[in-house]
Amino acid sequence: QASGWVRRAERLLETEQDSIEYGHLLRARGLLAKDPDEALAHARAAHELATRFGDRDLAARQLQEQGRLLVAKGEVVGGLSILEDAAMLAVSGTLGPLATGDIFCTAIDVCRKLADYGRASEWTDAARHWCDQQGILGFPGVCRVYRAGILRLRGALADAAREATNA
């Protein structure tokens, strides 16, 4: 279904490629791309449009996506640097809740996959602090599973069990 919606958006935005809406289309294309280089090109192009048009949420999410993709391609140092830049935007409180949650979840997941549990733990704490400040109980589904795993590794078994149960 997603591919059909993307094709429809492509037809509708055919003459509107210099717009924030087109930036969102590029984001969708990147998420559907099978080739990491193609996905990275879409993320960069969407980030450029979002930055130019002042859409902080899209710009930060595309920065995060660039970092995630670079790490997945084996460019770990550069990818983590970009991912941390996006995560710092999430910490800053200048993004909406959906973008913030998505960025925290990705940062935790990427660090977890790299077995960088110290960094994953820091982002888990930052995410929990942000949730507490916003009165948000936590992120849904798989993000809570990631958090539960990090809490378990830290020895916070009761917190990990509670997070896993809530997931």
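For clarity, every value in this text was computed on a predicted model and none was experimentally measured.

As for the nonpolar core
At step 1: Grouped together as the largest cluster of nonpolar side chains are 26 residues, with contacts concentrated most on Leu 80, Leu 95, Ile 103, Phe 104, Ile 108 and Trp 123.
At step 2: Within the residue set of this core, elements represented by two or more residues are helix H4 (56-72), helix H5 (76-92), helix H6 (97-113), helix H7 (117-134) and helix H8 (141-153).
At step 3: Ranked by size, the runner-up nonpolar core spans seven residues in total, among them Leu 13, Tyr 22, Leu 25 and Leu 49.

Points about the side chain of Gln 64
At step 1: Mapped onto the elements of the fold, Gln 64 is located in helix H4.
At step 2: When near neighbours in sequence (up to four residues on either side) are disregarded, Gln 64 contacts Leu 83, Ala 86, Asp 102, Ile 103 and Thr 106.

Considerations on the environment of Arg 162
At step 1: Within the secondary structure, Arg 162 is located in helix H9 (residues 157-166).
At step 2: Judged by its relative accessible area of 47%, Arg 162 falls in the partly exposed class.
At step 3: Between the alpha carbons of Arg 162 and Gln 62 there is a distance of 32 Å; along the sequence they are 100 residues apart.

What to know about the packing of helix H1 (residues 2-12) against helix H2 (residues 20-32)
At step 1: Closest axis-to-axis distance for the H1/H2 pair is 10 Å, and the angle between their directions is 150°. With respect to the hand of their crossing, H1 and H2 are arranged in left-handed fashion. Contact residues: Ala 2, Ser 3, Val 6, Ala 9 and Glu 10 in H1; Leu 25, Ala 28, Arg 29 and Leu 32 in H2.
At step 2: When its residues are assigned to classes, the contact of H1 with H2 shows six nonpolar, one polar and two charged.

As for the state of the cysteines
At step 1: Tallied over the full model, the rule gives zero disulfides.
At step 2: Note on Cys 111: no disulfide assigned, nearest cysteine sulfur contributed by Cys 105 at a separation of 12 Å.
At step 3: Residue class for Cys 111 comes out buried when judged on its relative accessible area of 1%.

Remarks on the layout of surface pockets
At step 1: Each pocket or cavity is described by its volume, and for the largest pocket that value is around 180 Å³.
At step 2: If you go around the largest pocket, the residues you meet are Arg 68, Val 71, Ala 72, Cys 105, Thr 106, Asp 109, Val 110, Lys 113, Leu 114, Val 142 and Tyr 146.
At step 3: The set of elements that each furnish at least two residues to the lining of the largest pocket consists of H4, H6 and H8.
At step 4: By residue class, the composition of the lining of the largest pocket is seven nonpolar, one polar and three charged.

Digging into the side chain of His 42
At step 1: With respect to the secondary-structure elements, His 42 resides in helix H3 (residues 36-53).
At step 2: Using a relative accessible area of 13% as the deciding quantity, one classes His 42 as buried.
At step 3: If near-sequence neighbours (up to four positions away) are discounted, His 42 is found in contact with Leu 26, Arg 29, Gly 30 and Gln 62.

Reading the values: rules and limits
Residues numbered from 1 in each chain as written. Predicted model: local features only at pLDDT ≥ 70, side-chain atom pairs only at ≥ 80, totals over all residues. Heavy atoms only, no water. Core = buried A, V, L, I, M, F, W, Y, C linked by side-chain atoms within 4.5 Å. Buried < 20%, exposed > 50% of the residue type's maximum accessible area, 1.4 Å probe, protein only. Helix = DSSP H or I, 4+ residues; strand = E, 2+ residues; numbered from the N terminus. Contact = heavy atoms within 4.5 Å. Axes fitted to C-alpha atoms, helices over the stretch in contact; angles between N-to-C directions. Left-handed = near helix turned anticlockwise from the far one by under 90°. Nonpolar A, V, L, I, M, F, W, Y, C, P; charged D, E, K, R; others polar. Disulfide = S-S within 2.5 Å. 1 Å grid on protein atoms, 1.4 Å probe; cavity = no way out; pocket = protein on both sides within 12 Å on 5 of 7 lines; lining within 4 Å. Points joined across faces, edges and corners; volume = space filled by probe spheres on them.

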